[in-house]
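Analysis of the macromolecular model
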Amino acid sequence: MKALILAAGYGTRLYPLTKKYPKPLLPVGGRPILDYIAGKLSGVKTLKEIIVITNAKFYPNFLKWAEKFKTGPSIKILNDRTRNENERLGAVGDISFALNREAINEDVIIFGGDNLFEENLDGFIKFSLGKKPRASIGVYDIKKKSLAVKYGVVKLDKKNKIVNFTEKPLYPLSSLVATCLYYIPKEKLKYFDEYRESCQGGCDASGSFIGWLSRNDEVYSFVFKKQWYDIGDLKVYREADKAFALTNRLS
């Protein structure tokens, strides 16, 4: 099993913090966001390698980070060669780039580089292994449908299978939102290229791929109970920084 961490964005919504520095390496509670993500992945016993996909602009920053982070499986930093926002491949493009470049043919965990979970990954991994060869994703109950409009919203059946996935709906069917955490068995990796070939515009978001996959195959969802942060703007970034600073002081 390998892990892909998506870290090739340019973080424009967090300017000026990310104008010369990548969002996944911003400090939260005194440590880079990526420290927490890689730390949680390091707890997955069967994980062989962590691949961080970034761009040409921030590639040197991630190389320096990888030199310092020595815990767990080996880490590879992959440069998608884009240099600015206009050239970016998008999440699905970067996933396909990594899968093809590294000739990956084993189960993959995909993790957004701006996602922070207070919960460990044990429950998610156990759930996902139990659903193979189907794909599984992590979801979080944001509690209010009015807040769910900013996310991919999922509706589940009694077995936690996705029966509806809608990206940023005006009228959400539930308050369960998709996080950027996916377990994709090797049998399903071929669907990334198939999705890109069939898609007509607006294909770069990973949530759009999951929506498409759930309409063409069974996809299951593990519901995280503890706090989840999608570091998409300054408000959420500051909330996460405050929360993790307190947790780190108490630990």
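Going by the structure above, here's the rest.
This structure is a prediction, so every number in the text was calculated from the model and none was measured.

Turning our eyes to something else, we now look at the packing of helix H3 (residues 90-101) against helix H6 (residues 190-198). Their axes nearest at 10 Å, the elements H3 and H6 cross at an angle of 135°. As the angle between them shows, H3 and H6 are arranged oblique. Between H3 and H6 lies a crossing whose hand is left-handed. Facing Val92, Gly93, Ile95, Ser96, Leu99 and Asn100 of H3, the residues of H6 in contact are Phe192, Asp193, Tyr195 and Arg196. Taken together, the residues that form the contact of H3 with H6 break down as five nonpolar, three polar and two charged.

Let us now look at the layout of surface pockets. Empty space among the atoms becomes apparent when a probe as large as a water molecule is rolled across them. Estimated volume of the largest pocket: approximately 1,200 Å³. Around the largest pocket, the lining comprises 39 residues; the ones closest to its centre are Arg13, Lys23, Arg88, Asp114 and Asp230. Counting only elements with at least two residues in the lining of the largest pocket, the list comes to H3, strand S10 (162-167), strand S11 (176-184), helix H7 (206-216) and strand S13 (228-230). Top contributing element to the lining of the largest pocket by residue count: S11, with four residues. Residues of the lining of the largest pocket, tallied by class, amount to 15 nonpolar, twelve polar and twelve charged. Here the second largest pocket is characterised by a volume of approximately 290 Å³. What lines the second largest pocket is a set of 13 residues, among which Ile142, Lys150, Tyr151, Val236 and Glu239 lie closest to the centre. Listed by contribution, the elements that provide at least two residues to the lining of the second largest pocket are S13 and helix H8 (234-250). Here the lining of the second largest pocket is built from residues that sort into seven nonpolar, one polar and five charged.

The next thing to look at is the packing of aromatic side chains. In the structure shown here, the tally under the stated rule is 17 aromatic pairs. Each ring, one from Phe192 and one from Phe209, has its centre 4.1 Å from the other, and the planes form 20°; the classification is stacked. You can see Phe192 sitting in helix H6 and its partner Phe209 sitting in helix H7, a full 17 residues away along the chain. Since its relative accessible area comes to 2%, Phe192 is described here as buried. These aromatic residues form a ring-pair network of at least three members: Phe111, Phe117, Phe124, Phe127, Phe222 and Phe224. The residue whose ring lies beneath Lys131 is Tyr220, and the NZ or CZ to ring-centre distance is 4.6 Å. Seen from the ring of Tyr191, Lys190 lies directly overhead, with NZ or CZ sitting 5.5 Å from the centre.

Criteria and thresholds
- Each residue is numbered by its place in its chain's sequence as written, counting from 1.
- Residue-level local features of this predicted model are given only where pLDDT is at least 70; pairs of side-chain atoms are given and counted only at 80 or more, and the full residue set underlies all totals for whole chains, interfaces and linings.
- Side-chain descriptors were evaluated using all non-hydrogen atoms of the structure, hydrogens and water having been removed beforehand.
- The axes used here are C-alpha line fits, helices contributing only the stretch in contact, and every angle between their N-to-C directions lies in the interval 0 to 180 degrees.
- Strands here are runs of E lasting at least two residues and helices are runs of H or I lasting at least four, both read from the DSSP assignment and numbered beginning at the N terminus.
- Small angles under 35 degrees read as roughly parallel and large ones over 145 as roughly antiparallel, with 65 to 115 read as roughly perpendicular and the rest as oblique.
- By definition, turning the near helix anticlockwise from the far helix through less than a right angle yields a left-handed crossing, and turning it clockwise yields a right-handed one.
- The contact definition used throughout considers only heavy atoms, calling two residues in contact when any of these lie within 4.5 Å.
- Gly falls in the polar group here, along with every residue not listed as nonpolar (Ala, Val, Leu, Ile, Met, Phe, Trp, Tyr, Cys, Pro) or charged (Asp, Glu, Lys, Arg).
- Here a cavity is any set of points on a 1 Å grid over the protein atoms alone where a 1.4 Å probe fits but cannot get out, and a pocket is any open set with protein on both sides within 12 Å along at least 5 of 7 lines; a residue lines the site when it has an atom within 4 Å of a point.
- Grid points are joined across faces, edges and corners, and a volume is the space filled by probe spheres set on the points.
- Only rings of Phe, Tyr and Trp enter the pairing, Trp through its six-membered ring, and a pair is recorded when the two centres are within 6.5 Å. The plane angle decides the type: under 30 degrees is stacked, over 60 is edge-to-face, the rest tilted.
- Between buried and exposed lies partly exposed: a residue is buried under 20% and exposed over 50% of the maximum accessible area for its type, with that area taken using a 1.4 Å probe on protein chains only.
- Charge-over-ring contacts are defined here by two conditions on Lys NZ or Arg CZ: a distance within 6 Å of the ring centre and an angle within 35 degrees of the ring normal.

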